[in-house]
Amino acid sequence: MSQVDFKAVLSLARGYRFQWEESQNNHVLLYPEGMVQLSDTAAAVLSLCNGQRTVEAIVAELEEDYETDGLSEDVISFLEEAQEQGWIQYA
Amino acid sequence: MPKIPSPLWLLAEVTHSCPLQCPYCSNPLQLVPKKDELDTEGWLKVLHQARKLGAAQLGFSGGEPLVRKDLEVLIAEARKLGYYSNLITSGVGMDAARVENFRELGLDHIQVSFQADDATLNDYLAGTNAFQHKLDMARAVKASGYPMVLCFVIHRQNTDRVAQMLDLAAELQADYVELATTQFEGWALANRDHLLPTLEQVREAERVAHQYQEKYKGKMKIFYVVPDYYENRPKACVAGWGRVFIAVAPDGLVLPCHSARSLPDLELHNVRDRDLDWIWYESKAFNYFRGEDWMKEPCRSCDEREKDFGGCHCQAFKLTGDAKNADPTCAKSPHHHLIEQAIDTSRLNPNSSKPLLFRKRQINANLS
Ligand code: SF4
Ligand code: SF4
């Protein structure tokens, strides 16, 4: 299944910026000459990919925020997709 | 009429001055002289107004934006306002220290353009010795923590070297490479007979690009777009007129697409006289090709009109005399033979009798 290393620290890929866009009422990811609008869950995960947290810590923090457990699989599959898209990198 | 969306992209063409003389330059033949350029204050106003309208992506282009001594001021303000700012440059006019400073001021991305993969052809096309410096700058950009984004403008004179261009990019460890086919506007249109690649060249470049895309998957992203002359369908110019894109020319003229200056009847406005909000929502120019009421046949009843909005209106105007005609690169256009003719002409006279027209070098005249 997944190749994600739980101990690895995640950050956004070079040149990517995550921010709230008031006029779109949405979180967005900005990159060279482009932009994607993010769903709330994508935004929640990406906001934590800031070069300071491991995958494990990100999952734990989200589980706490959403007052649930068992988010691990969802987070991992999103991270795989995000990496495929080139949005994130492992520090 | 559906609600007008807010713009996402601001292109700030801060100057037409440029130390290079590329014959494929898409700037208009009538370059805006330095003395008519907006001053720092003027550009700051543009940045504020466009951000308030909703623009999130900002491109600094030109000409060569590095010619502006106040670029640093604009970059810092752009960061403060929350723009994602892109610098589109030939690399001439900066050194590693200036790059580093841009980084500190919050510039997000630098795209360095190349004329070719080797010094001789590059410097011939640029009309100046710039190749070595460009290599240094591409490296400096990456060393500063930016992604390395390279752009090769391709046309008949260099398209056979796409493989070598991509080899060079790989050697430099580029993150993104854009193989941008010359758009036939401004100086490029004047030089079309020299620059339009043949069908064989286009297909070969496409094949090579795909091969390298496979080879460097996950390492280096390669973008190659087939030139519209060979597509049978036009490109959706600026993603649809008045939908996402706003360009401001060096003199403050606000344009729905960067070559719109050449279109008649638009009634373009200048940021010195009107604010961007009014220009975007109310002006005749920005509403001119919004929606579909303006369309003629074959676009009006075409089931692809949502996709390309009739193509490039400037191209329609320059080649057919009426901007409301379908872009003649479309095979459904009754003027499509004009494109076929251009292709035939360029094939028959690979060495056109007209001399290659190098862009006027404007920078020397600007020292005053
Ligand atoms: S002359 Fe070349 S480098 Fe200068 S603005 Fe035109 S295309 Fe760009
Ligand atoms: S006819 Fe007009 S709308 Fe249809 S594909 Fe051609 S340019 Fe686009």
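Residues numbered from 1 in each chain as written. Chains lettered and ligands numbered in written order. Predicted model: local features only at pLDDT ≥ 70, side-chain atom pairs only at ≥ 80, totals over all residues. Heavy atoms only, no water.

J.: Would you explain the overall build of chain B in this entry?
T.: Scanning chain B from terminus to terminus reveals 14 helices and nine strands. Relative to a compact globule of 368 residues, whose C-alpha radius of gyration would be 21 Å, chain B shows 20 Å and is just as compact. Seen through its principal axes, chain B has C-alpha atoms that stretch 55 × 50 × 45 Å. Across the 368 residues that make up chain B, the buried fraction comes to 58%. As presented, chain B carries roughly 15200 Å² of accessible surface, and 51% of it is formed by carbon and sulfur atoms. Computed over 44 positive and 48 negative side-chain charges, the separation of the two mean positions in chain B equals 1 Å. (Helix = DSSP H or I, 4+ residues; strand = E, 2+ residues; numbered from the N terminus. Rg over C-alpha atoms; globule rule 2.2 N^0.38 Å. Buried < 20%, exposed > 50% of the residue type's maximum accessible area, 1.4 Å probe, protein only. Areas by Shrake-Rupley, 256 points an atom, 1.4 Å probe, with all protein chains shown as cover. Lys, Arg positive; Asp, Glu negative; His and termini not counted. Charge placed at Lys NZ, Arg CZ, Asp CG, Glu CD.)

J.: I tried to follow the site of ligand 2 on my own but got confused; where do I start?
T.: Surveying the vicinity of ligand 2 reveals the residues B:Arg233, B:Pro234, B:Pro298, B:Cys299, B:Cys302, B:Glu304, B:Arg305, B:Asp308, B:Gly310, B:Cys330 and B:Lys332. Spatially, ligand 2 is embedded in the largest cavity. (Near = heavy atom within 4 Å. 1 Å grid on protein atoms, 1.4 Å probe; cavity = no way out; pocket = protein on both sides within 12 Å on 5 of 7 lines; lining within 4 Å. Sits in = over half its atoms within 2 Å of the grid points.)

J.: What is the right way to read the pairing of strand S8 (residues 245-248) of chain B from this model?
T.: Remember that side chains alternate between the two faces of the sheet whenever the strand is regular. Residue and element names in this part refer to chain B. Burial of S8 is two-sided: the residues Phe-245 and Ala-247 facing one way and the residues Ile-246 and Val-248 facing the other way are all buried. Where strand S1 (residues 9-13) meets S8, four bridges bridge the pair, whose relative direction is parallel. Along S8, the bridge assignment pairs Leu-11 with Ala-247. When S8 meets strand S9 (residues 254-255), the two strands line up antiparallel, connected through two bridges. Residue Ala-247 lies in a different strand from S9, and its bridge partner there is Leu-255. (Pairing = 2+ DSSP bridges.)

J.: What is the right way to look at the pattern of salt bridges in this model?
T.: Pairing between side chains of opposite charge can happen when the charged atoms of each approach one another. Enumeration over the complete set of coordinates arrives at 23 salt bridges over all chains. Connected through salt bridges with shared partners, the residues B:Arg233, B:Glu304, B:Lys307 and B:Lys332 form a single ionic network. (Salt bridge = Lys/Arg side-chain N within 4 Å of Asp/Glu carboxyl O.)

J.: For this particular structure, what's the right way to read the pairing of strand S4 (residues 109-114) of chain B?
T.: Residue and element names in this part refer to chain B. Most of S4 sits out of view: six of its six residues are buried. Here S4 shows two buried faces, one formed by His-109, Gln-111 and Ser-113 and the other by Ile-110, Val-112 and Phe-114. Note: strand S3 (residues 84-89) against S4, four bridges, orientation parallel. By the bridge assignment for S4, Leu-87 is matched with Ile-110. Read as a crossover between parallel neighbours, the route from S3 over helix H3 (residues 96-105) to S4 is right-handed. (Right-handed = clockwise from strand over helix to strand, strands pointing away.)

J.: Teacher, can you tell me more about the interface of chain A and chain B here?
T.: Many authors give the size of an interface as the accessible area that is lost as the parts come together. Chain A puts 15 residues into the contact, and the matching count from chain B is 21 residues. Taken together, the two surfaces of chain A and chain B that pack against each other cover about 1400 Å², and 48% of this comes from carbon and sulfur. When the buried area of chain A at its contact with chain B is split by residue, A:Arg14, A:Arg17 and A:Glu33 rank highest and sum to 47% of it. Where chain A packs against chain B, one counts two salt bridges. B:Asp108 serves as the salt-bridge partner of A:Arg17, at 2.7 Å between the closest nitrogen and oxygen. Counting every contact that joins chain A to chain B gives 10 residue pairs in polar contact (both at pLDDT 80 or more). Listing elements by their share of the side of chain A that touches chain B, those giving two or more residues are strand S2 (17-21), strand S3 (26-31) and strand S4 (34-37) of chain A. By residue class, the composition of the side of chain A that touches chain B is five nonpolar, six polar and four charged. (Contact = heavy atoms within 4.5 Å. Buried area = accessible area lost by both parts, 1.4 Å probe. Polar contact = N/O pair within 3.5 Å; in protein donor to acceptor, adjacent residues only side chain to side chain. Nonpolar A, V, L, I, M, F, W, Y, C, P; charged D, E, K, R; others polar.)

J.: Just checking my understanding: could you explain the environment of B:His269 for this structure?
T.: All names here are of chain B. Topologically, His-269 is positioned in the loop between S9 and helix H10 (276-281). Taking the C-alpha atoms as reference, His-269 lies 33 Å from Asp-303; in sequence the two are 34 residues apart. Leave out the neighbours within four places in its chain, and His-269 touches Gly-252, Leu-253, Val-254, Arg-274, Trp-278, Ile-279 and Ser-283.

J.: So what exactly am I meant to see when it comes to the sheet that holds strand S5 (residues 50-54) of chain A here?
T.: What holds strands together in a sheet is hydrogen bonding between their backbones, with the strands either parallel or antiparallel. All names here are of chain A. Pairing in this open sheet of three strands is antiparallel, and the strands run S5-S1-S6 from one edge to the other. Edge positions in the sheet fall to S5 and strand S6 (88-90), since each of these pairs with one other strand and no more. Across this sheet, the average inter-strand angle for adjacent strands is 30°, counted without regard to direction. Here strand S1 (residues 9-12) runs beside S5; their pairing, made up of three bridges, is antiparallel. Note that in S5 the partner of Leu-10 across the bridge is Arg-53. Against the sheet, helix H2 (residues 55-65) engages S1, S5 and S6, with an angle of about 80° to S5. (Axes fitted to C-alpha atoms, helices over the stretch in contact; angles between N-to-C directions.)

J.: Mind showing me how you'd approach the packing of helix H1 (residues 40-53) of chain B against helix H2 (residues 71-81) of chain B here?
T.: When two helices pack together, their arrangement is given by the angle between the helix axes and the distance between those axes. Residue and element names in this part refer to chain B. Between H1 and H2, whose axes approach to 10 Å, the crossing angle comes to 20°. Overall, the two elements H1 and H2 adopt an arrangement that is roughly parallel. When you trace H1 past H2, the crossing you get is right-handed. For the pair H1 and H2, the contacting residues are Thr-40, Trp-43, Leu-44, Leu-47, His-48 and Arg-51 in the first and Val-73, Leu-74, Glu-77, Ala-78 and Leu-81 in the second. Split into classes, the residues belonging to the contact of H1 with H2 amount to seven nonpolar, two polar and two charged. (Parallel < 35°, antiparallel > 145°, perpendicular 65-115°, else oblique. Left-handed = near helix turned anticlockwise from the far one by under 90°.)

J.: Before we go on, may I ask you to explain the site of ligand 1 in this structure?
T.: Inspection of the region around ligand 1 gives eight residues, with B:Cys18, B:Leu20, B:Cys22, B:Cys25 and B:Gly63 positioned closest. Looking at side-chain class alone, the shell around ligand 1 contains five nonpolar, two polar and one charged residues.

J.: So what exactly am I meant to see when it comes to the environment of A:Glu56 here?
T.: Residues and elements named next belong to chain A. Inspection of the secondary structure puts Glu-56 in helix H2. With 49 residues separating them in the primary sequence, Glu-56 and Lys-7 have C-alpha atoms 6.4 Å apart. Dropping the residues within four chain positions of it, Glu-56 is found in contact with Phe-6 and Lys-7. In this structure the side chain of Glu-56 is engaged in a polar contact, spanning 3.1 Å, whose partner is the side chain of Lys-7.

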